[in-house]
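Breakdown of the fold
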Amino acid sequence: MSMFKDIPVEVGVIYEGERIRRNDMQVELGGPTVKQKFELAKVKPMDEVEDGKITIVGPDLKDLKEGGAYPFGILVEAAGAKLDAGLEGVIERRIHGYLNYIEGFMHLNQRYDIWMRLGKKSFAKGLNSFEPIGKVLYRLFKSELPIIEKIQITFITDTAKLAEMTPEAMQAYESRDAKARGLKDSEVDTFYGCVLCQSFAPSHVCVITPQRYSNCGAISWFDGKASASIDPKGPVFAIPRGEIINEEKGEFSGVNEAAKKRTMGEVNQVWLYTAFDHPHTSCGCFEAVAFYIPEVDGLGVVQRSFKGAAVNGLPFSTLADSTAGGRQIDGFHGMSIEYMRSQKFFAADGGWNRIVWVPKEVKERVKEFIPRDVVDKIATEEDAKNVDELKAFLKAKNHPVVARWEAEAAPVAEAQAVQVTEEQAATTMMPVATAASLPIMAGGFKIILKDAKIYASKVIIQAKTDEKR
Ligand code: SF4
């Protein structure tokens, strides 16, 4: 049953996680084909907010052509005696959850990356204006966050207004992120967790620390702190850091306990500063994905908005599917762009010295945080379009990973070759490896062979002089 009698469709938590496919969509708002898009929350003085006011700037839903994708913005302006600008990120992130309660309405991602779809069935039921959508947002904000005393909501489809407001939104995100920089994980005893994405990724918990922004890039440690204090029963909660189990990898007893509890035992161990072995889980709305490139023993990063294939030949969507859903996939890592500005950015894997390929747009955005001695050694799509070109580029620039190749190649002289004669092979072919579960990394994919028995006519045993990870 719907929460609200005057809204033409149902509204409730059961609609969270609902996906709307292209064929079923009435319209798309924002999304990958549209440049102008944002959602922004601002805290305003009491006299600048008219409680319950809903404004539509530009064509309304019923005026948008069926099947089209449109530039889109949502501005939420809130006021309250106890509200301050530090809560803007918290308020803004709630838009995602509340819109997903609406039957036949899908909201993905955040900030300048929003992607929404309205389904045809809900449109036919009468959800043909932003007005009822605004009413749902208004009522949920007021009931779930009583600290908000007044709230007004503006929907924008007018391209001139969007062009005017987009720089303001980008500036607001940057100043929020900048405020959160500087504090170190070692300086606090509480981290924060978020399970807002469990509707899409049931075994996902974001662990938000001062030096590891949330995967969506929308919640900093300060936002987490503010959210947990104003709504302790909400999706964001405090995680006592606990004992440091492994400082280099970023393993903390409190994080492991929280992950175990919140994922019903699905995830028991999380390493915060690495993409390998027990990486942080990946939900579905991460801003970028890091991927291991075995041919060069380095990590690439590609952002959601990147068009075309990454250097390993796979587009963002395929890479994202390889890691999303709340899983921990060795060598893959859903993450925020802001994490790239952190000193803990894959610190256990070598940090920036292990990053080999990043699209130009992202590299420009985080350039000042890349150590000077490596910045020109990291390839973009302009330097390398495939792994062969990447290898040549890294070698020419003497990227730090090249030393790793040399270290790994050196012991070949010590390698022993075990030659199995044809006769032996024919008569006594025994498996050279057996395993209940044997993982293999290849071409950016992890292949798991179950109950594997591997036969080979030749086995090279090569001593390792350097830890690969
Ligand atoms: S990505 Fe993480 S922090 Fe962001 S909404 Fe999802 S669970 Fe919360």
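For the structure itself, consult the block above.
Here is a short report on the structure shown in this document. (Residues numbered from 1 in each chain as written. Predicted model: local features only at pLDDT ≥ 70, side-chain atom pairs only at ≥ 80, totals over all residues.)

Before going further, it helps to spend a moment on the sheet that holds strand E9 (residues 190-194). With antiparallel pairing, three strands are arranged side by side in an open sheet as E10-E9-E11. Among the strands making up the open sheet, the edge pair consists of strand E10 (206-208) and strand E11 (236-240). The sheet shows a mean angle of 35° between the axes of neighbouring strands, direction not considered. The sheet contact formed by E9 and E10 spans three bridges and is antiparallel. Paired with Tyr-192 across the strands is Ile-208, a residue of E10. Relative to E11, helix H6 (residues 253-262) is tilted by about 140°, and along the sheet it contacts E9, E10 and E11. (Pairing = 2+ DSSP bridges. Helix = DSSP H or I, 4+ residues; strand = E, 2+ residues; numbered from the N terminus. Axes fitted to C-alpha atoms, helices over the stretch in contact; angles between N-to-C directions. Contact = placed C-beta atoms within 7 Å.)

It is worth spelling out the sheet that holds strand E8 (residues 150-156) at this point. Pairing in this open sheet of four strands is mixed, and the strands run E2-E5-E8-E3 from one edge to the other. Strands with a single pairing partner mark the edges of an open sheet, and in this sheet they are strand E2 (37-43) and strand E3 (54-57). Neighbour-to-neighbour, the strand axes of the sheet open up by a mean angle of 10°, direction not taken into account. As judged from the seven bridges shared by E2 and strand E5 (residues 72-79), these two strands associate in the parallel manner. Note on E5: the bridge partner recorded for Lys-42 is Glu-77. Its contacts with the sheet place helix H4 (residues 159-180) against E2, E3, E5 and E8, and it is angled at close to 60° to E2.

Right, let's get into the site of the ligand. Residues in close proximity to the ligand include Arg-93, Cys-194, Leu-196, Cys-197, Cys-206, Ser-214, Asn-215, Cys-216, Ala-218, Ile-219, Cys-283 and Cys-285, which together make up its full environment. Of the residues assigned to the shell around the ligand, the class counts are nine nonpolar, two polar and one charged. (Near = placed C-beta within 6 Å. Nonpolar A, V, L, I, M, F, W, Y, C, P; charged D, E, K, R; others polar.)

Functional significance is not addressed by these values, which are geometric in nature.
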